[in-house]
Structures are given as structure tokens and as C-alpha cells.
Amino acid sequence: MRGGSDVIVIGGGLVGSSIAYGLAREGASVTILDEGDVALRASRGNFGLVWVQGKGDGMHEYASWTRRSKELYQGFADGIQERDGTDIELKQDGGLELCLGEEEFRTNEDEIRRMHNQPGVGENDRVMLDADEVRRMLPLVGPEVTGASYSPHDGHVNPLYLLRGLHGNAQALGARYVSGGRVRHIEKDGGGFRVISEAGVFLGQKVVIAAGLANKWLAEMVGLDIPVEPNRGHILITERMQPVIPTLLVNARQTADGTINFGNSKESAGYSTRINPAKLGEIARSIIRCFPILKDARIVRTWSALRVMSPDGFPIYRESESMPGAFSISCHSGVTLAAAHALELAPVILGGRFNERFAAFSPERFRAASAA
Ligand SMILES: Cc1cc2nc3c(=O)[nH]c(=O)nc-3n(C[C@H](O)[C@H](O)[C@H](O)COP(=O)(O)OP(=O)(O)OC[C@H]3O[C@@H](n4cnc5c(N)ncnc54)[C@H](O)[C@@H]3O)c2cc1C
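Cut-offs applied
- For every chain, the first residue of the written sequence is number 1, and numbering continues from 1 along that sequence.
- Totals for whole chains, interfaces and linings use all residues, but because this is a predicted model, local features are given only for residues with pLDDT of at least 70 and pairs of side-chain atoms are given and counted only at 80 or more.
- Each side-chain value is derived from all of the structure's non-hydrogen atoms; neither hydrogens nor water enter the calculation.
- Throughout this document, a residue counts as near a molecule or strand when at least one of its heavy atoms sits within 4 Å of that molecule or strand.
- Contacts described as polar in this section are N or O atom pairs within 3.5 Å, which, within protein, must combine one atom able to donate a hydrogen with one able to accept it, while residues neighboring in sequence count only if both atoms come from side chains.
- The Shrake-Rupley method, run with a 1.4 Å probe, gives the accessible areas here. Residue values count only the displayed protein chains as cover.
- Per the convention used, a helix needs a DSSP run of H or I reaching at least four residues, while a strand needs a run of E reaching at least two, with both numbered from the N terminus.
- Relative accessibility thresholds used throughout: buried, under 20% of the residue-type maximum; exposed, over 50%; partly exposed, between the two (1.4 Å probe, protein chains only).
- Only when DSSP finds a minimum of two bridges between them are two strands counted as paired.
- Residues enter a nonpolar core if they are buried and are Ala, Val, Leu, Ile, Met, Phe, Trp, Tyr or Cys, with the set joined through side-chain atoms within 4.5 Å.
- When checking whether two residues touch, look at their non-hydrogen atoms; a contact exists if any pair is within 4.5 Å.

Q: Any chance you could explain the site of the ligand here in plain terms?
A: Around the ligand, a shell composed of 37 residues is seen, among which D34, S43, V183, G334 and T336 lie nearest. At 2.8 Å from a nitrogen atom of the ligand is found a main-chain nitrogen or oxygen belonging to V183. Here an oxygen atom of the ligand sits 3.4 Å away from a polar atom, N or O, in the main chain of S333. Its free accessible area being 1,000 Å², the ligand has 96% of it covered by the protein chains.

Written as C-alpha cells, this is what we have:
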């Protein structure tokens, strides 16, 4: 049996390590238990956007939470760099969602109108740009592009540096990271918890379950029903190129080293991370319609990874009522929300009244929806 911590965080992906870093900043002693290299890890296969526009259609609390994370991001990135030197390459210069054809233009326009009526969402400053305005920002865009929606608050990071920076910072603040620590069981132990893992048994006053898709079965052990499901996304990386895409797009970004990353596909494929060549073709065709100049670009790398999706796409946060002190945290935008998870969510875990603060993100909403 290993000595006790204030908090055991299960899962060392972006969500778990953001929270662990935030807890350690507050002075808590933290143990992170992670499954290891065999795991399904969205945190190592994502696109790196800190994306604001379009988030929270149907749940204004999510729009505000996303926007809050965006506001916190620069200070969060600076804090990571100051402590261990990791530059997460944050850029928050705004982003575009390009429209191909009139119908896509109208869809984005309608979404802006609909979301504008939800409290706080207008602050995302999302507006439609016509084709000429887009062409001024992206001179190499193709003739099929009819316009775009734009928000000045969108940005991106290097997601692998973010993950590394969070691990490094949490450990610099005293957190213990245990790899090969796949959790098999969680149980009450006096006023705290006993967590039984493949790396031994750990004691903690509180436990945070942040194990991505594994929350579905781990959270049941503390009386929570967390209905997350996998959703597969593919990413393609080109060779290094001259500047083609100077402004960030929701489905393409040119990184500092000149490679262009394409992504944003969504697919229901169970827990399989196999590459689907048909999906790669679909992504490539769509980007060539936006940038015909890319038709001869060489793809040097591609992969797929599984998103952690809730039924409505919004986060699920809850403290167990039958076992207070046990929390389950899941979301499908763990890059975007990393700053809020570290700097605002983690202190509430230590301070109390978690379910009040995050009532909008309770899984009870699914029960209410199915009863209706
Ligand atoms: C293709 C793709 C593109 C994306 N693009 C973006 C984007 O641009 N912007 C954005 O904000 N988000 C994006 N996301 C989503 C983002 O990557 C996820 O929200 C985030 O990585 C989820 O992190 P997580 O820690 O919850 O899960 P994971 O990364 O899956 O990590 C879970 C961790 O838990 C551990 N674990 C699992 N089971 C156990 C167990 N029993 N015991 C101990 N440890 C366990 C695993 O080892 C793993 O490290 C994208 C996702 C994908 C797949």
C-alpha cells in the first residue's frame, strides 16, 4: 500500500494532467495514476485548437466556460513556461470556418443568429465574412469558397508540448506520476478512498476520475452514470511548405515549422483507431476545394484517435452524491478547456460546492431528457 495523497487523479491525459497541475498549484499533494502506452489517448492524437466559435449551441454555460478558458489561456501558458521552460506555442489571433457553397454559408449564418439569442454567447464576436473578405485574409483560397465565419478569440497550441508541460509542471510542484497504474477498483476507505491499480494500492482523501473513455466504467464504482462514447477523428500532416494558410482554420492549420495539419472528421467506429482510407480521401478532397494549390502536397503522416463524446457534446462534471469526494470529469475539448480545468475547476474540487458551481454540466440532464 502506498502513502496517502490529498487527491488521486485517475488518468494522465490532458484533462487529468490539467486538473492535477491545478491541484498542485493550490498546494495539494497529488498522485496521478495513468494506464500507460496501451491506452486510447485523445490527448496524443488531437488537433490542438483552443476554439471558441460555435461552442455551446444549446448550452450557454458551455459557451461562457469555453470563453473563460480562452481568457485564462495566455496566463496559463506563461505559467507553464516560467516553471519548466515548455513553450506550448499558443497563438490566439482568431480563426475561420470556411464555407463551400451557399448552403454552408447559410448554415453558419443561422448558427450565429441562433446562438446570439443565448446569454453571453454574443461576446464570442463571431461574424460572417464574405468571399472577398476571406480572400484578403487567405489569398490562396479557391473559387468555391463563398465566405467564412470568424471569431477573433480562436487560437491554437502545440498539443503535445501542452501535455508535456502539464506533466512537467505538475511534477515540479510535487505531484507523483505513476505510469502502468491502470485502475481496477475504487472503494471508500474511512473518510477517503482506496484505489486499487496495477501499480499497487493508493490512498487519497479525494479521487478525480479523468480517464477519458474509461470514465464510463470507472465512474460507476463511485455511483455515477457517465455516458461517454468514442468518436473517431483522422488527422493528416503535409510536408513542410511555404506559407499557404496564414490564418487558423477549424479544419486546417499551418504550424511554425511549415507543415499543414488537416482534420476535423467525425466518425462512429466503436473503439477502433484503424485508419479509414475513405475518410482520409474525404478530408483531402475537402481541403483541396478550399486550397486548390494543395493538390500536389505530399502527406507525410496520418493517424486517427478517439474523441470522448457525451450524448449532447457538452462536458460532464459531477461529484458523487453517494460517495462525496469522488469526482468524474469528461469533455470533448480538453485542449480548449485545459486552462479553465487547471485554474478554475481544480480549486473548486478542493474548496467544495462543486455540484452547485457546475450544475449545468451534471449528467442528470440525460436522465431528465430521457424521462421527458
Ligand atoms: C482527432 C481529434 C482531434 C481533436 N481536436 C481537438 C482540438 O482541436 N481542440 C480541443 O480542445 N480538443 C480536441 N480534441 C479532444 C481532446 O483531445 C480531448 O478532449 C482530450 O484529449 C481528452 O483528454 P482526456 O484526458 O479526457 O482523455 P485521454 O486523452 O483519452 O486520456 C485518458 C487517460 O486516462 C488513462 N486511463 C484510461 N483508463 C485508465 C485506468 N483504468 N486507470 C488509469 N488510467 C487510465 C489513459 O492512460 C489516458 O492517458 C480532439 C480529439 C481528437 C480525437
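Let's pick the thread back up.
Q: Looking at this model, I keep getting lost on unusual backbone geometry. Mind explaining?
A: Generally, phi is negative for residues other than glycine and the peptide bonds are trans, each holding for most cases. Unusually for a residue other than glycine, E89 sits at a positive phi of about 60°. Within the secondary structure, E89 sits in the loop between α2 (60-84) and β4 (95-100). One non-glycine residue, R353, lies in the positive phi region at around 60°. Within the secondary structure layout, R353 lies in the loop between α8 (338-351) and α9 (354-357).

Q: Looking at this structure, how should I read the pairing of strand β12 (residues 229-238)?
A: Counting buried positions over the 10 residues of β12 gives nine, a clear majority of the element. Bridge analysis of β12 against strand β16 (residues 299-309) gives 10 bridges, and the strand direction is antiparallel. Bridge pairing links R232 to L306 in β16. Two strands pair when backbone bridges link them, and β12 and strand β15 (residues 260-262) are joined in this way by two bridges, in the antiparallel orientation. From the neighbouring strand, I237 faces β15, where its bridge partner is N261.

Q: Sorry if this is basic, but what is going on with the nonpolar core here?
A: The nonpolar side chains of a soluble globular protein tend to be buried, and buried together. The biggest cluster of nonpolar side chains holds 49 residues, and the ones touching the most others in it are Y73, F76 and L162. Counting only elements with at least two residues in this core, the list comes to β1 (2-10), α1 (14-25), β2 (30-33), α2, α5 (159-172), β18 (326-330) and α8. Per-element tally for this core: the top contributor is α8, with eight residues. Residues I209, L218, M323 and A326 belong to the second largest nonpolar core, which totals 25 residues.

Q: So what exactly am I meant to see when it comes to the side chain of N46 here?
A: Tracing the sequence through the fold places N46 in the loop between β2 and β3 (49-50). A relative accessible area of 19% means that N46 is categorised as buried. Discounting residues that sit within four places of it in the chain, N46 has contacts with L14, P159, I235, W303 and V335.

Q: Hey, could you run me through the environment of L162 in this one?
A: Looking at where L162 falls in the secondary structure, it is placed in helix α5. Residues L162 and A338, 176 residues apart in the sequence, show an inter-C-alpha distance of 9.0 Å. What L162 contacts, discounting residues up to four positions off in sequence, is L14, Y73, F76, I80, I88, V157, V335 and A338.

Q: So what exactly am I meant to see when it comes to the sheet that holds strand β13 (residues 248-249) here?
A: Strands in a sheet are paired, the pairing made by backbone hydrogen bonds, and the direction either parallel or antiparallel. Read from one edge to the other, the open sheet built from four strands follows the order β5-β6-β4-β13, with strand pairing classed as mixed. Every other strand in the sheet has two partners, leaving β5 (127-130) and β13 as the edge strands with one partner each. Looking at chain direction, β4 and β13 are connected through two bridges and run parallel. Bridged to L96 within β13 is L249.

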